[in-house]
Amino acid sequence: PPLYYWILHFVSSLVRGSCSKWIGLGINAVLFLLTCIALYALAEELYGSTDVSCAVTALYGMSVLGLSTVTMIRMYMLLTLFTVLRALTVAHLLHNPEKREYYFCLAAVLFGGLMTQYYFVFYAFFLCAAFDIAMLLRKEYRCALRFSLFALAGVGLMVCAFRASLQQVF
């Protein structure tokens, strides 16, 4: 999927005549910072503690995995960002299933994740299934239906925006 490479191409076009690894590393550094911010917000949403959120973010930020995704000039840092944003959106929806703006975030994050890496679909599917099961167990059928429709909208937007995805996946 093209999203990371569109971003890389766009930033590279801003510095014409220069082809440098620092462009890709700079993009990944910004994405790493955004991932840490989203991870902090996710830990805050789940645990409600600033100390725990700081610890979670620091552990990820200093981990070999976290740092290696920054240095590899590929789509993995952007994929990590969308993965954390997806979890954050679902956590918000678990606590506030009536807030409609989170459903739009759900579709946008799913769209972005799928436009970054096809493997995102497996993570998204199982997270969506877990959310829908939780809503069905709570007997909040409208929330489960709304969630599923917005998730499918994100997938539909991706297919419309990047038609080659169907051929590439199958």
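Draft legend 1. A look at helix 1 (residues 3-14). Taking 1.5 Å of rise per residue, the 12 residues of helix 1 would be expected to cover 16 Å, and the 17 Å separating its terminal C-alpha atoms lies within 8% of that figure. Buried within helix 1 we find Leu3, Tyr4 and Leu8. When helix 1 is viewed along its axis, its buried side chains cluster within an angular range of 140° and face the same direction. Residues of helix 1 that are exposed and point over 90 degrees away from its buried face: His9 and Phe10. If you follow the buried residues of helix 1, they end up packed against helix 2 (21-47), helix 5 (76-95) and helix 6 (101-114).

Draft legend 2. Highlighting the pattern of salt bridges. Inspection of every chain in the model, using the stated rule, returns two salt bridges. A salt bridge links Lys99 to Glu101, with the shortest nitrogen-to-oxygen separation between them at 3.6 Å. We note a salt bridge from Glu140 to Arg138, for which the minimum N-O separation is 3.9 Å. Residue class for Arg138 comes out partly exposed when judged on its relative accessible area of 40%.

Draft legend 3. Structural view of the packing of helix 5 against helix 6. Closest axis-to-axis distance for the helix 5/helix 6 pair is 9 Å, and the angle between their directions is 160°. Considering the angle they form, helix 5 stands roughly antiparallel to helix 6. Relative to helix 6, helix 5 is oriented so that their crossing is left-handed. In contact with Leu79, Phe82, Leu85, Arg86, Thr89, His92 and Leu93 of helix 5, helix 6 contributes Tyr102, Tyr103, Cys105, Leu106, Val109, Leu110, Gly112 and Gly113. Class assignment for the residues of the contact of helix 5 with helix 6 results in 10 nonpolar, four polar and one charged.

Draft legend 4. Up close: a nonpolar patch on the surface. Where nonpolar side chains cluster on the molecular surface, the patch consists of Tyr119, Val121, Phe122, Phe125 and Phe126 and spans about 610 Å² of accessible area. Of note, Phe125 is situated in helix 7 (residues 120-137).

Draft legend 5. Geometry of unusual backbone geometry. Phi at Lys139 takes a positive value of approximately 65°, unusual for a residue other than glycine. As for its placement among the helices and strands, Lys139 is situated in the loop between helix 7 and helix 8 (141-161). Residue Lys139 is classed as exposed on the basis of its relative accessible area, which comes to 60%.

Draft legend 6. Layout of the side chain of Gln117. Relative to the assigned elements, Gln117 resides in the loop between helix 6 and helix 7. The class of Gln117 is buried, set by a relative accessible area of 11%.

Draft legend 7. Spatial organisation of the side chain of Thr69. When you line up the elements, Thr69 lands in helix 4 (residues 64-71). On the basis of relative accessible area, Thr69 is assigned to the buried category, the value being 10%. Sequence-distant contacts of Thr69, defined by excluding residues within four places in its chain, comprise Asn28, Tyr60, Tyr76, Met77 and Thr80.

Draft legend 8. Just the packing of helix 5 against helix 7, in detail. The interhelical angle for the contact between helix 5 and helix 7, taken along N-to-C directions, is 5°, at an axis separation of 11 Å. Considering their axes alone, helix 5 and helix 7 lie roughly parallel with respect to each other. Of helix 7, the residues touching helix 5 (which contributes Leu79, Phe82, Thr83, Arg86, Ala87, Val90, Leu93 and Leu94) are Phe120, Tyr123, Ala124, Leu127, Cys128, Phe131, Ala134 and Met135.

Draft legend 9. A look at helix 6. With 14 residues, helix 6 should cover 20 Å at 1.5 Å per step; its first-to-last C-alpha distance of 20 Å lies within 8% of that length. Residues Tyr102, Tyr103, Leu106, Ala107, Val109, Leu110, Gly112, Gly113 and Leu114 constitute the buried set of helix 6. Contact partners of the buried residues in helix 6: helix 1, helix 5, helix 7 and helix 8.

The rules we used
Residues numbered from 1 in each chain as written. Predicted model: local features only at pLDDT ≥ 70, side-chain atom pairs only at ≥ 80, totals over all residues. Heavy atoms only, no water. Helix = DSSP H or I, 4+ residues; strand = E, 2+ residues; numbered from the N terminus. Expected span 1.5 Å × (residues − 1). Buried < 20%, exposed > 50% of the residue type's maximum accessible area, 1.4 Å probe, protein only. Arc of directions from axis to C-beta. Contact = heavy atoms within 4.5 Å. Salt bridge = Lys/Arg side-chain N within 4 Å of Asp/Glu carboxyl O. Axes fitted to C-alpha atoms, helices over the stretch in contact; angles between N-to-C directions. Parallel < 35°, antiparallel > 145°, perpendicular 65-115°, else oblique. Left-handed = near helix turned anticlockwise from the far one by under 90°. Nonpolar A, V, L, I, M, F, W, Y, C, P; charged D, E, K, R; others polar. Patch = residues over 30% accessible without salt bridge, like charges linked within 9 Å, V, L, I, M, F, W, Y side chains within 5 Å. Areas by Shrake-Rupley, 256 points an atom, 1.4 Å probe, with all protein chains shown as cover.

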